[in-house]
Amino acid sequence: MTKDKKQSKKRGSKVIYGTTPEERFKEVHGMTIEEWQAKEEMFKAKTGMSSDEWYRQQVNSSTPIDYLIKSNGGVSQDDIELVRDLQELGLNDSVINVLLDYVKIVNRIGFIHPLVREMGECWLKKKIVTIESAIAFVREEWDK
């Protein structure tokens, strides 16, 4: 196996070839870490909160249906049933919102109901039941 293949990571349908965290960050985000930090500072100056605080506020202040409407422009009956199933599993609304965001980012073909439900079950088994643990899990998965 070549060095490039050993060092590459796959994100969705895109392969990341960077050999350092900085190179991979730039490939994924299209900017350097320093540029990201500058944008973060501008965002904080403008809104009075970090992007993490803003995200937490967004997922905490909406039901999953409202959150999907805001982020997708609408919901289907399948989406409504999926949210109900995730709620029946015992996931709270903010964790469901993070899960739905995660699925939307990593799965380019949409919400496959059985797959998302299985992911919700997996999150419960791993005791991912708070917004903090959900965000930490997503970040850890992204860094793999």
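What you are looking at is a predicted structure, and each value in this text was computed from that prediction instead of being measured.

> Where do I start with the pattern of salt bridges in this structure?
Oppositely charged side chains are able to pair whenever their charged atoms sit close together. What the rule picks out here adds up to two salt bridges. Notably, a salt bridge pairs R139 with D52, separated by 2.5 Å at the nearest N-O pair. A residue pair is termed long-range when its members are at least 10 positions apart, and R139 in helix α9 (residues 131-143) and D52 in helix α4 (residues 51-60) qualify at 87 residues. Between E121 and R117 there is a salt bridge whose closest N-O contact spans 3.5 Å. Of this pair, E121 and R117 both sit in helix α8 (residues 113-125), separated by four residues, roughly a single helical turn. What makes E121 partly exposed here is its relative accessible area of 30%.

> Please clarify how the environment of S61 should be interpreted in this entry.
With respect to the helices and strands, S61 occurs in the loop between α4 and α5 (64-72). With a relative accessible area of 52%, S61 lands in the exposed category. In this structure the side chain of S61 is engaged in a polar contact, spanning 2.8 Å, whose partner is the backbone oxygen of Q57. In terms of polar contacts, S61 uses its side chain to reach the backbone carbonyl oxygen of Q58, at 3.4 Å.

> Hey, could you run me through the confidence of the model for the protein chain in this one?
Predicted coordinates in areas of low pLDDT are best not read in detail. Considering every residue of the protein chain, the mean pLDDT works out to 84; 86% of them sit at 70 or more. Within the protein chain, helix α6 (residues 77-89) carries the highest mean pLDDT (94), whereas helix α1 (residues 3-7) carries the lowest (41).

> What is the right way to read a negative patch on the surface from this model?
Taken together, the side chains of E22, E23, E34 and E35 make up a negatively charged region of the molecular surface. Listed by contribution, the elements that provide at least two residues to the negative patch are α2 (21-29) and α3 (33-47). Checked against the element boundaries, E22 lands in helix α2. Owing to a relative accessible area of 47%, E22 belongs among the partly exposed residues under this scheme.

So, how was this worked out
Residues numbered from 1 in each chain as written. Predicted model: local features only at pLDDT ≥ 70, side-chain atom pairs only at ≥ 80, totals over all residues. Heavy atoms only, no water. Salt bridge = Lys/Arg side-chain N within 4 Å of Asp/Glu carboxyl O. Helix = DSSP H or I, 4+ residues; strand = E, 2+ residues; numbered from the N terminus. Buried < 20%, exposed > 50% of the residue type's maximum accessible area, 1.4 Å probe, protein only. Polar contact = N/O pair within 3.5 Å; in protein donor to acceptor, adjacent residues only side chain to side chain. pLDDT = per-residue confidence, 0-100. Patch = residues over 30% accessible without salt bridge, like charges linked within 9 Å, V, L, I, M, F, W, Y side chains within 5 Å. Areas by Shrake-Rupley, 256 points an atom, 1.4 Å probe, with all protein chains shown as cover. Lys, Arg positive; Asp, Glu negative; His and termini not counted. Charge placed at Lys NZ, Arg CZ, Asp CG, Glu CD.

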